[in-house]
Amino acid sequence: MKTLVLANQKGGVGKSAVATLLAHHLVQHGRRVLAVDLDHQGNFGSPIQRSNRATAAGLTSDRLLTEAVSVMPSAAFVLVPSDRGLLMLERQPTMHTPFARNLRSFLAAMDAHFDVCVIDTNPNPDIRVIAALASADFVLSPIQLNQEAMEGVHGLLNHDRVGVRKIKAVLNPKLQLIGLLPTMVEPTPFQKANFLQIVQRYHPLLIRIGDGPGDFASMPRRSAIAEAQAHGQVLWEMKKTAAREAAKEIEPTLRELARIVAGQPQVHAQPGVSHESAA
Ligand SMILES: Nc1ncnc2c1ncn2[C@@H]1O[C@H](COP(=O)(O)OP(=O)(O)OP(=O)(O)O)[C@@H](O)[C@H]1O
Ligand SMILES: [Mg+2]
């Protein structure tokens with residue numbers, strides 16, 4: 001199992017929306033997906049739950065840090081939803097190391113049962129984000145193309161607690177930054193200029209989806225994406241033409257992200273091995 005964390009200290013940049021779209025995309029392509037929502041706002045867990053595609057884990061994600069959990073339901077798509085208990089974790093600094101250790105052991109115990117674990121995080125750089133990054137294989141940072149977010153890129157890499165460079169150096173050398181994913185991209189001259197600026201300054205951090213000069217992974221701003229999030233619908237199954245068009249636009253980006261975290265698509269002979277028996 002590969003673990004992907006969505007992280008950016010900037011709020012409202014599309015972390016949860018990307019997590020949701022990618023989880024559904026992976027499931028649609030035959031991957032066994034474990035979805036973990038570490039944000040008490042629940043903007044990843046709620047749409048997944050409302051979509052009725054995932055089996056509920058029967059516990060909330062705070063317990064993956066506070067307890068030794070090693071069993072999940074036997075299903076190809078499982079959701080560990082968030083809970084307000086997550087807010088208590090930061091206030092127990094003496095427990096932070098055990099919290100991170102519990103999450104790491106949990107993910108190790110899930111290794112044979114899922115192909116990808118997608119973890120959505122809260123924007124404040126606390127123990128939840130640290131614990132997730134300390135055990136992940138990949139981190140993906142959605143960003144918006146505004147000045148403030150672009151200035152935030154430096155922090156994303158160098159933040160004292162949750163900067164990717166810091167985590168790699170101190171806690172998790174295997175952590176790989178997939179890159180920056182511009183989200184809610186609009187075809188305005190302002191955003192085009194910012195995109196150019198990002199390409200010039202950070203192009204090694206952008207995710208290539210083709211050989212052309214502007215072929216980088218990104219998500220356009222589309223009301224159908226917000227609607228899918230709000231109602232727990234799977235974007236590409238919505239009836240509206242606008243939703244299907246949006247799905248088509250983002251498909252190359254989702255496909256590339258899925259390829260990076262899970263490799264080329266393959267069909268599992270036995271999706272959903274019995275976890276209980278193996279645990
Ligand atoms: N590509 C998009 N097009 C249109 N709306 C979007 C898009 N991506 C996200 N949104 C909407 O923008 C809002 C913020 O997105 P989202 O909740 O994914 O951000 P976030 O980074 O997870 O926020 P937080 O930091 O609070 O967790 C939501 O209402 C979401 O539905
Ligand atoms: Mg979110």
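Residues numbered from 1 in each chain as written. Chains lettered and ligands numbered in written order. Predicted model: local features only at pLDDT ≥ 70, side-chain atom pairs only at ≥ 80, totals over all residues. Heavy atoms only, no water.

Position of His24 relative to the elements: it lies in helix H1 (residues 15-28). Take His24: its relative accessible area is 7%, and that puts it in the buried class. Among all residues touching His24, those that are not within four sequence positions of it are Ile48, Ser51, Arg53, Phe77, Val234 and Trp236. (Helix = DSSP H or I, 4+ residues; strand = E, 2+ residues; numbered from the N terminus. Buried < 20%, exposed > 50% of the residue type's maximum accessible area, 1.4 Å probe, protein only. Contact = heavy atoms within 4.5 Å.)

Once that is clear, we can look at the packing of helix H6 (residues 147-158) against helix H8 (residues 189-202). Close contact between H6 and H8 brings their axes to 11 Å; oriented N to C, the two are set at 10°. One way to sum up the angle between H6 and H8 is to call them roughly parallel. Residues Gln147, Met150, Val153 and His154 of H6 form the contact with H8, whose participating residues are Asn194, Gln197, Ile198, Arg201 and Tyr202. (Axes fitted to C-alpha atoms, helices over the stretch in contact; angles between N-to-C directions. Parallel < 35°, antiparallel > 145°, perpendicular 65-115°, else oblique.)

Of note, Val118 is situated in strand S5 (residues 116-120). For Val118, a relative accessible area of 0% translates into the label buried. Distance from Val118 to Ala23, taken between C-alpha atoms, is 6.8 Å for residues 95 residues apart in sequence. Those residues in contact with Val118 that sit more than four places away from it in its chain are Leu4, Leu6, Ala19, Leu26, Val33, Leu34, Ala35, Val36 and Phe44.

When the terminal C-alpha atoms of H8 are compared, their 19 Å separation across 14 residues agrees well with the 20 Å that a helix rising 1.5 Å per residue should span. Burial in H8 covers these residues: Gln191, Asn194, Phe195, Ile198, Val199 and Tyr202. Buried residues of H8, viewed axially, fall in a sector of 140°; they line one side. The outward face of H8, more than 90 degrees from its buried face, is lined by the exposed residues Pro189, Phe190, Lys192, Leu196 and Gln200. Elements in contact with the buried residues of H8: strand S6 (138-144), H6 and strand S7 (176-183). (Expected span 1.5 Å × (residues − 1). Arc of directions from axis to C-beta.)

Here the structure, examined in full by the defined rule, presents 11 salt bridges. The salt bridge involving Glu251 is made with Arg255; its shortest N-O contact spans 2.7 Å. In this pair, Glu251 and Arg255 both sit in helix H10 (residues 241-262), 4 residues apart, roughly one turn of the helix. Accessibility expressed as a relative area gives 26% for Glu251, which makes it partly exposed. The class for Arg255 is partly exposed, based on a relative accessible area of 49%. In this structure, Arg259 engages Glu256 in a salt bridge whose closest nitrogen and oxygen atoms are separated by 2.8 Å. Of this pair, Arg259 and Glu256 are both found in helix H10, 3 residues apart, which corresponds to roughly one turn of the helix. (Salt bridge = Lys/Arg side-chain N within 4 Å of Asp/Glu carboxyl O.)

What follows concerns the site of ligand 1. In the vicinity of ligand 1 there are 17 residues, among which Val13, Lys15, Ser16, Ala17 and Pro220 approach most closely. Contact between ligand 1 and Val13: an oxygen atom at 2.9 Å from a main-chain N or O atom of the residue. Within the contact set of ligand 1, an oxygen atom lies 3.4 Å away from a side-chain nitrogen or oxygen of Asp39. In the complex, the protein chains occlude 81% of the 630 Å² of accessible area that ligand 1 would expose alone. In this structure, ligand 1 is accommodated by the largest pocket. Taken together, the residues of the shell around ligand 1 break down into 7 nonpolar, 6 polar and 4 charged. (Near = heavy atom within 4 Å. Polar contact = N/O pair within 3.5 Å; in protein donor to acceptor, adjacent residues only side chain to side chain. Areas by Shrake-Rupley, 256 points an atom, 1.4 Å probe, with all protein chains shown as cover. 1 Å grid on protein atoms, 1.4 Å probe; cavity = no way out; pocket = protein on both sides within 12 Å on 5 of 7 lines; lining within 4 Å. Sits in = over half its atoms within 2 Å of the grid points. Nonpolar A, V, L, I, M, F, W, Y, C, P; charged D, E, K, R; others polar.)

Each full turn of the α-helix corresponds to 3.6 residues, which orients residues three or four apart in the same direction. Compared with the 20 Å implied by 1.5 Å per residue over 14 residues, the 20 Å span of H1 between its first and last C-alpha is a close match. In terms of burial, H1 is a largely internal element, 12 of the 14 residues being buried. Every buried residue of H1 is listed here: Lys15, Ser16, Ala17, Val18, Ala19, Thr20, Leu21, Leu22, Ala23, His24, His25 and Leu26. Where H1 ends, the next residue or the one after it, Gly30, has phi of about 85°, a positive value.

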